4 protein chains.
Amino acid sequence: MTHKIAILGASGYTGAELVRLIAGHPNMDIVALSGERKAGMKMAEVFPHLRHMTLPTLCKIDEIDFSGVDLCFCALPHKTSQEVIRDLPGGLKIVDLSADFRLRDPADYQKWYGNPHAALAQQDEAVYGLSEFYRDEIRAARLVAGTGCNAATGQFALRPLISAGVIDLDDIILDLKCAVSGAGRSLKENLLHAELSEGYNAYAVGGTHRHLGEFDQEFSALAGRPVRVQFTPHLIPANRGILATVYVKGDAQVINETLAEAYGGEPFVEVLPFGQAPSTHDVRGSNFVHIGVSADRIEGRAIVIAALDNLTKGSSGQALQNANLMLGEEETLGLMMAPLFP
Amino acid sequence: MTHKIAILGASGYTGAELVRLIAGHPNMDIVALSGERKAGMKMAEVFPHLRHMTLPTLCKIDEIDFSGVDLCFCALPHKTSQEVIRDLPGGLKIVDLSADFRLRDPADYQKWYGNPHAALAQQDEAVYGLSEFYRDEIRAARLVAGTGCNAATGQFALRPLISAGVIDLDDIILDLKCAVSGAGRSLKENLLHAELSEGYNAYAVGGTHRHLGEFDQEFSALAGRPVRVQFTPHLIPANRGILATVYVKGDAQVINETLAEAYGGEPFVEVLPFGQAPSTHDVRGSNFVHIGVSADRIEGRAIVIAALDNLTKGSSGQALQNANLMLGEEETLGLMMAPLFP
Amino acid sequence: MTHKIAILGASGYTGAELVRLIAGHPNMDIVALSGERKAGMKMAEVFPHLRHMTLPTLCKIDEIDFSGVDLCFCALPHKTSQEVIRDLPGGLKIVDLSADFRLRDPADYQKWYGNPHAALAQQDEAVYGLSEFYRDEIRAARLVAGTGCNAATGQFALRPLISAGVIDLDDIILDLKCAVSGAGRSLKENLLHAELSEGYNAYAVGGTHRHLGEFDQEFSALAGRPVRVQFTPHLIPANRGILATVYVKGDAQVINETLAEAYGGEPFVEVLPFGQAPSTHDVRGSNFVHIGVSADRIEGRAIVIAALDNLTKGSSGQALQNANLMLGEEETLGLMMAPLFP
Amino acid sequence: MTHKIAILGASGYTGAELVRLIAGHPNMDIVALSGERKAGMKMAEVFPHLRHMTLPTLCKIDEIDFSGVDLCFCALPHKTSQEVIRDLPGGLKIVDLSADFRLRDPADYQKWYGNPHAALAQQDEAVYGLSEFYRDEIRAARLVAGTGCNAATGQFALRPLISAGVIDLDDIILDLKCAVSGAGRSLKENLLHAELSEGYNAYAVGGTHRHLGEFDQEFSALAGRPVRVQFTPHLIPANRGILATVYVKGDAQVINETLAEAYGGEPFVEVLPFGQAPSTHDVRGSNFVHIGVSADRIEGRAIVIAALDNLTKGSSGQALQNANLMLGEEETLGLMMAPLFP
C-alpha cells in the first residue's frame, strides 16, 4: 500500500533531504510540497539535484487538500510550526522536524525559545521522536516531535549509561563538532564559504544552546532526578555530520558493554570495538550512528564518541524512521542506503 | 533471481563505491571481495562506512571459486587488470573498470599506456562500456570495458553533436574540472589535503592525458574520419565530480535541440533548459548526467557543459548499469538514488 | 615620510585585505576607515583577525576630514563609488577598487553596468590600474581605477601576445576558475558553505560577465582593431585564487618567449619553465602572478595559464602597488610577502 | 647586522614556513637549506610558492659549512634531530622544531617516544621554547627546543591559571581540534583530501598523544606537584589552526582576569572580552594567539578556548621568535604580519 505524503517547508535542507530519502522508499508517494516564499516554483528550480524526479510544484500550505494525505512531514521553522500544526486536521498523522513539540513542559519551551507556546493541546499529545527509545509511543502517536540533531547525538552516547547508572551524573561534558548544514539555509555572514571554510570555532559557549532543554528533560527523566550537563558546540568546515565527544566518569569497559548491549539489536546503531573512535566520514548521507568508547589514562574516566549525519539520522532520516513506525511499515524501509565515502 | 557477484580490487574507491551501490540493488549478492595487500581484513576495517553490512572478508584473487560467481567486477589497476582477466574462466561475465580494454587497437593501447597488451583475445571481444551508446552490444557482451571518467563526461557532451554533424570537428576544446577521487587512493603529495584543498591547477596540459585515446577512437569512429580534440583537465578541491566545459563552433540552438532529442528517453541524462549551466553539486553520489548548452556572444559559437559524479556515473555506477544490461535486469535497478545535496 | 591613508568601504573583503597589507607597509598610516552600515563599530568587531592592530573606528564617509589624508582607497560597490568619488576633494589622490572608472567610454560603462555614469569628469581623468602596463600614467595620475580581478588575470596571459602579434586574434578562449571571495561578502544562497563547497559550476556563460568590457577595451586598443574573446568563469570551492586557462592559436615556443621577455624585469610576474602549469596554491595571499605555457598536441595551438590571488594581485595588492607609484614610493613596498602554503 | 641562517629539513611544511617568515625579516639571510632526499633540487621545484625568492639549492647536511652560520633551525623528524644536533659544532646556536629536546627527563623521553635519547648532553642544556614563559632562559640559550603545537595551545590557555592557583588541578579536560598540516607532509591514506575533507574524528583518544609528556612536565613544574590532564585531539578538515577547548573548574571571571593580566604586555597574545570565543579563522598565517573565557551555566565551571596557527605560532613562528631572542633582535621582528582572512 502506498502512503500519500505531504512535506511542509520543502525548500529547506531538511525538506530536500526528506525528498531524497522518500525517493528510495517503495511505499511512499509525495503528493504535496509547500514553500511559502517559493510557491509556484518547481523543485528542480529550487533544488536542481532533484530534477530527475516527478514532483508536485511548490505551493502554499493553504492550497493543500489534506484529506488526501496520509502523513505530513513539517519542516518549518520553530514557532511557525506550532501555529501551522495547530490548524491542521485533527486526525492527520504528523512528523514535525522543528523544536516546537520537543519539550513537554510549556515553561521549558518558553525558557529556551522565548515565546509562549501557541499549541498547548498538540504539545500535550506529542511524542518525543528518538526512535530507538520511544518506539512504542511513536507507533501509537499522531504527532511526533523530531529531536534536535545535537540532542540526538548526545543522547545516543549517554542514555543507556544514565539508565544503567554507570556514570557520574554530575560531571558530564559534551564537546560537539557540528557541520554547517545544521544551521539551515540561513543567509548569515559566518555561514558563507569564504568565512566558514578553513577554520572553526565554538559557539553558544557556556550552556546557552537550546538543545540543552532536551538534554535536561530527557536525562533528568531517565535518572529520576535533575541532571545538568555541560555542552559546547563547535562549527566545523564540513557540510554534514555531528561528532559528540563525551567526557564521563565511570569504568570504560562497563560503559562499553552497557552501550554494546543496549544497541545490540538496533539496525542503525553500531558500537565499535573498544578503543576505536568513530568518524563523521563514515556515516555521511546515511541513517547510521557510530559509537566508540575509550578509557582515559586517568583511572575512572572514559571518552564516549558518537557520530551521525545531522540531516539524515539527526533529522530527516529519523523523521522517516518515525513515519515508518507510525504507518505500520518496516522501520528500516528506505533507510538502509550505505554512507557516501569518499 | 539473485545474481552472485565478485568484486576484484575492493579496497580502492571504485570498489567501495560498487559495494555501496550493490547494497541498494535488490537482485545482487556479493559473494567475494578481493584485495591483494589487504587480504584477510574485513571491509569494515578498510572502509568503516560499510561496517553495517554483512560482507565477505577480503581475500586474494586465487582464493575465489569463480564457479559460484555470475558476474565479476574488476576494479584493479590497468596492466594488472588484463593479466588477471586473461586468466579468469572463459565464460565468466566481467565488467572491467580499468583502462585495459577500452582501446580497440592494440597499438593505441601501447601508445597511451606504454606497455604491449597482454590479453589480446579478451581485448578483441571487449565492448566499450558507455551504456547509453553501446546498449545492445553490452547486453550481448561477456566482457565490458568501463570508460574513463573524463572520457565519459566529454562523450556525453559531444557524441550526439558529432553524429549529427552540427559542429566543426576541427575546433573542439574540452576544459575539464575533475575532483580528486578520480586519482584513486594513491599516496602522492599533491593529493594530500594540505596541498590540494584551497587551490587548483591544470595537469597533463597539451594533450598528454590518456583518456584522449578514448576520445580519438570514439569521435573518429562516429565522424568516419580522424577527429582530434584539445583536452585539458584541472584538479579541483572537491572529492567527487567532473565538469566538462566544451567549446564548439556551431549553432547553439541546434546543438541544444540535438542533445535534447538524443537524450529524450534516457533515464540518467538530463538536458537542462537552454542557457542553464549544470553543477557537479547536483549529481553528487548519483548516476545522473546534467548537460547544459549556452550560446556565446560571438555568433556561431556555443558552450556545452556536462556534469557527472566520476565515481558513480563515471565509473562504478556505469559499471552497475552495464551489469544490469548483461544480466537481463532492468537497466536502472539500484541506480535511481537521488544525489546528495548539500 | 609617512603617508596618511583613508579606506572607504573597509568592512568588505578588499577593505580588510588593504588593512592587512598596509599593516606591513613601513610608510603608510591608516587615519580613517569608513563603513556606512557598520559605522561606530571597531574593526576588531567586524574583522576579529585584525584585533591586534590599533585602527580608527569605522565611521561614515562624511565624518572624514580629507584635508589630513594623502591618499584614499575606495573599496565601495560600483555606482556608489562614482557618486562618492565625484564629491571628494578635487586634489585628493584616489585608488578606486570598483568597476566605475575602468571603462573609458561612458557608453561602454552603461552597456555593461546598466546605469548612466554619474561622474564623467572623473571618469575622463581616470587611469586604468594594471600597474605593469600603465606604470607611467599611474605615477602621474590623481585617480586610478583598479581592474577587475578576472580582467587582470586574463590580461597578464594575453597582453604581450596581442602586442607582439603572435596569436590569432579571432580565436581566443578564456576559461577561468575563480574562488569565492571574488563575489565579496554578499549574502546569497549559492555562496553559503553548504551549497558551494564540494562542487563547482560555470556562471555568466556565453559572454555576459561584466569584465568582458575590460577585455574588449584593452585588447582592442592593443591590437588597433576590435578584438572579442570568449570568456567563461567558473565558481570553485576555494576562498582565494583565479586560474585562467587560455586557449590560443600560435606557436607555443614563441608565445613562451614573448611572455618571458615581456615580464623579465617584473618583480611580481613569474613565467614558469616551458611546459609547466601554475597553481593558485602557489600565489595565495601574495601579490605574485604565475604564468605557464604549454604546446598542445595539435600543431599551432598553445595553452597559456595564469594564476593569481584575486584579493591581492587581483584587487587590494594591485591597489597598494598603484598607491606606491602615485606616492613616489618603491613599487614593491609592503608587497613582497611570500604566499601562504599550505 | 644580518644573521646568517641555515634551515635543516627545509622540504617539509615547517621548513617552508620558516622560509616564508624569514623572507619578511630584515636582518636574516638564508645561507643553507638541507633536504636529504631532495638534495640538489631547487626550492622552487619543491615549493613553487617560493619561486620568486633567491634561495640556496637544497643540499645534504654534511655539505653545509657551519662556520658561516649564525643560527641553525632544525626542522627534522624526531630521533633524526637528536643525532644530527649532537654532531653539529658545539658553539652553534640552534632552534630545534622537533620533539627531541622538549622533555627534560630522559626517562620521559623514552616513555613517550620509545627510544633511548642519543644526545643527553644537548638535552641537558636545551631550554623549552615557549617564548612567553621562558624568555630569559631563551635569550641565554644555545639550544632551544620548540614546543609541540598542541602543547603550546594548551599551555597558553592553562599556564597562568595553574600558576595563580585559580582552577582545580585534578579536573582539567583539553578537547583539541587540529588542522591537518600538523601531521606534516606524510603520505598516509587518512591525510588524503578524499578521505580527510568533509568529515572529522578524534584520534589518540584516552591519553596516548605524545604532547601529553609536555603537559605533564610543564604543568607539574608550575604546580609543584604532579598534574595530569585529559587531552583528546581531533583531526579537522582545514589546513592550519588549532583550537583548544579547555574545561576547568574555577570562577570564570577570576580566570578571565588572571589571563588578561598575565598576557597584558604580550605582543602576540590577545585575551578577548569575557564571553567571546576565538576562531582559528582569525589567526591563520600569523603569530597571534587568541584566548576567550566563558562561564558555564553550571556554577564554578568555565570554558577557556585558545586558537593559534599550528605552523606559525605553534611551530615556525615560535621558532623565529626564539631566534630573535637568541640573536639579540627585537622579539617581534618579522612576525607582525596580520592573519590571512578570508
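Residues numbered from 1 in each chain as written. Chains lettered and ligands numbered in written order. Predicted model: local features only at pLDDT ≥ 70, side-chain atom pairs only at ≥ 80, totals over all residues. Heavy atoms only, no water.

In the annotation of an unreviewed UniProt entry, chain A is listed under the name N-acetyl-gamma-glutamyl-phosphate reductase and assigned to Sedimentitalea todarodis. Reading the Sequence similarities (unreviewed entry) entry of the UniProt record for chain A gives the comment "Belongs to the NAGSA dehydrogenase family. Type 1 subfamily." The record in UniProt for chain A states the following under Catalytic activity (unreviewed entry): "N-acetyl-L-glutamate 5-semialdehyde + phosphate + NADP(+) = N-acetyl-L-glutamyl 5-phosphate + NADPH + H(+)". (UniProt positions renumbered as here; feature names shortened; annotations may be inferred.)

Peer 1: For this particular structure, what's the right way to read the UniProt feature "domain: Semialdehyde dehydrogenase NAD-binding" (unreviewed entry) in chain A?
Peer 2: The positions that UniProt labels "domain: Semialdehyde dehydrogenase NAD-binding" (unreviewed entry) are, in the present scheme, residues 4-141 of chain A. Strand forms 17% of residues 4-141 of chain A and helix 30%; the C-alpha atoms that close the span are 18 Å apart. (Helix = DSSP H or I, 4+ residues; strand = E, 2+ residues; numbered from the N terminus.)

Peer 1: Can you help me understand the relation of the copies chain A and chain D in this one?
Peer 2: Superposition of the two copies of the chain requires a rotation about an axis and a shift along the axis. The transform that puts chain A on chain D rotates by 180° and translates by 0.0 Å along the axis, for an RMSD of 0.0 Å. On the angle and the small slide along the axis, the relation comes out as a two-fold axis. No C-alpha of chain A approaches the rotation axis more nearly than that of A:Pro237, which lies at 3.3 Å. Of the interface residues in chain A, 100% have counterparts in chain D that sit at the interface too, so the contact is made through matching surfaces. (Least-squares fit on C-alpha atoms with pLDDT ≥ 70 in both. Contact = heavy atoms within 4.5 Å.)

Peer 1: It is not clear to me how the pairing of strand 1 (residues 3-8) of chain B should be interpreted in this structure. Could you clarify?
Peer 2: Each regular strand shows side chains that alternate between the opposite faces of the sheet. Residues and elements named next belong to chain B. Within strand 1, 5 of the 6 residues are buried, leaving the element largely enclosed by the surrounding structure. Pairing analysis gives 6 bridges linking strand 1 to strand 2 (residues 28-34), with the strands arranged parallel. Residue pairing in the sheet places Ala6 in a bridge with Ala32 of strand 2. Chirality of the crossover, the property in question, places the unit of strand 1, helix 1 (residues 13-22) and strand 2 among those that are right-handed. Relative to strand 4 (residues 71-74), strand 1 is paired through 4 bridges, and the arrangement is parallel. Directly across from Ile7, in strand 4, lies its bridge partner Phe73. (Buried < 20%, exposed > 50% of the residue type's maximum accessible area, 1.4 Å probe, protein only. Pairing = 2+ DSSP bridges. Right-handed = clockwise from strand over helix to strand, strands pointing away.)

Peer 1: Which parts of the structure should I look at to understand the environment of D:Ala39?
Peer 2: Residues and elements named next belong to chain D. Here Ala39 lies in the loop between strand 2 (28-34) and helix 2 (43-46). In sequence terms Ala39 and Arg159 are 120 residues apart; their C-alpha atoms lie 41 Å from each other. When near neighbours in sequence (up to four residues on either side) are disregarded, Ala39 contacts Leu58, Cys59 and Lys60.

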